[in-house]
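# Observations on the three-dimensional arrangement
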Amino acid sequence: MHGNFGRIWNSWLLWIGCCLLFLVIQEASAQPKIVLVTGASKGIGLETVKLLAEDSARYEVHGTFRQGPPPAINNVTMHQVDLSDEKAISEFLTQFDNDVGRPVSVLVNNAGMAVYGPLEILDPNDIAYQIRVNLIAPLLLMRHFIPAMREHLEGCIINVSSVAGMVGPPFMDVYAASKFGLEGASAALYGYVGKLSDQAKIRCHLIQPGFTKTGFKDGCKLNKPAVDSLITLWGGFEKVLTRGLDNGQDPRDVALKIKAVIEDESGELPLRIQTNETDTQTYRGRGCDITGKSLVAPKDPYQYYRCND
Ligand SMILES: NC(=O)c1ccc[n+]([C@@H]2O[C@H](COP(=O)([O-])OP(=O)(O)OC[C@H]3O[C@@H](n4cnc5c(N)ncnc54)[C@H](OP(=O)(O)O)[C@@H]3O)[C@@H](O)[C@H]2O)c1
């Protein structure tokens, strides 16, 4: 009796030992996750790659820039691509996959710019350019990386939108259109990318900064209206924009929010995430759906499309 108990006890110890050894080996051989952040040459993107690169054991960080010499950041590999150019995006993706050789675990679609002004006077080329950078490029990047995420059962997509993805401020006509478009695509993906198999842990979230103190205005185009009735409104807009960007949130805080979303394991994060409590309260007060719950299909995507006939 005593001998039997000893044997069972020993085999339990052996089993537990093997499990621990397996976990230790797995941990030691775990490679850092591949992270790709677009628009990493300055502003929110730059702060995000710097922050993630501090944890090089956990993240292998890649960023994109468009022009000029790439900023040299410890533990960050920079890739040049003009995200307004579909052909350049396609060449970049092929080169990136060849060079990196492992699937992207985290994609942060951050690069963006704005063409402000009343729609009626905007140059059609500027309209198309902004939609290409802010909307088409993120769609193409997600299209490219999602299949590998699904194959490896893991992925986190963060699309940097704006509070102008929930409201349409005057003169942000096309900027809001680009961000609303990004929000729509993200809502659709939120509803199903992580639900295609029980094991797949794939997520898609929107980060919605308000005014953030970056050089964003330098990359913007401002189209002042010539119509008298709009000039007063334009004056107000310029003041609010300049004041807002000069006194905005620290981009490092937005980067911290992005990192927190990447590292969240609750599986409970909503689609929409603002970057400070003031914005959350302000837009809740305006009746906005600050979590994005109303945008997303019911929990079970299969239920959503169930046909009864
Ligand atoms: N700042 C704000 O108040 C604010 C508020 C809400 C949302 N956002 C959003 O936050 C994101 C980051 O903005 P930010 O404030 O950090 O602006 P930023 O400092 O101007 O940085 C923008 C980044 O996007 C890149 N980019 C712009 N056009 C590009 C193109 N055609 N191809 C490739 N890259 C391009 C820039 O690269 P280059 O330097 O090489 O041009 C730069 O790295 C944007 O999506 C923006 O819409 C910003």
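Please refer to the structure higher up on the page.
Reference entry: report on the structure contained in this document.

Reading the values: the criteria
Residues numbered from 1 in each chain as written. Predicted model: local features only at pLDDT ≥ 70, side-chain atom pairs only at ≥ 80, totals over all residues. Helix = DSSP H or I, 4+ residues; strand = E, 2+ residues; numbered from the N terminus. Buried ≥ 20, exposed ≤ 12 C-beta atoms within 10 Å, placed from the backbone. Contact = placed C-beta atoms within 7 Å. Near = placed C-beta within 6 Å. Nonpolar A, V, L, I, M, F, W, Y, C, P; charged D, E, K, R; others polar. Pairing = 2+ DSSP bridges. Axes fitted to C-alpha atoms, helices over the stretch in contact; angles between N-to-C directions. Core = buried A, V, L, I, M, F, W, Y, C linked by C-beta atoms within 7 Å.

Let's shift gears to the overall build of the protein. Along the backbone of the protein there are 9 helices and 9 strands. Counting only C-alpha atoms, the protein reaches 100 × 55 × 40 Å along its principal axes. Across the 309 residues of the protein, 35% fall into the buried class. Restricting the contact set of the protein to residue pairs at least 6 apart, pairs at least 24 apart contribute 70%.

Looking now at the site of the ligand. The environment of the ligand is made up of 29 residues, and the closest members are Gly-39, Gly-43, Arg-66, Gly-112 and Thr-214. Counting residues per element, the shell around the ligand draws most heavily on helix H2 (residues 43-53), at 3 residues. Each residue belonging to the shell around the ligand can be placed in one class, and the counts come to 12 nonpolar, 14 polar and 3 charged.

Taken together, the 7 strands give an open sheet; going across it, the order is E3-E2-E1-E4-E6-E7-E9, and neighbouring strands pair in parallel fashion. Each edge of the open sheet is held by one strand with a lone partner, namely strand E3 (76-80) and strand E9 (272-274). Averaged over all adjacent pairs, the angle separating strand axes in this sheet is 20°, with direction ignored. In the sheet, strand E4 (residues 104-109) pairs with strand E6 (residues 154-160) via 4 bridges, with the strands oriented parallel. Counterpart to Asn-109 in the pairing with E6 is Asn-159. Lying over the sheet, helix H7 (residues 251-263) contacts E4, E6, strand E7 (201-208) and E9, oriented at roughly 160° with respect to E7.

Turning to the nonpolar core, a few remarks are in order. Within the largest apolar cluster, 59 residues are counted, with the highest numbers of intra-cluster contacts made by Val-35 and Leu-107. Beyond its immediate stretch of four places on either side in the chain, Leu-107 contacts Leu-36, Leu-141, Met-142, Phe-145 and Ile-157.

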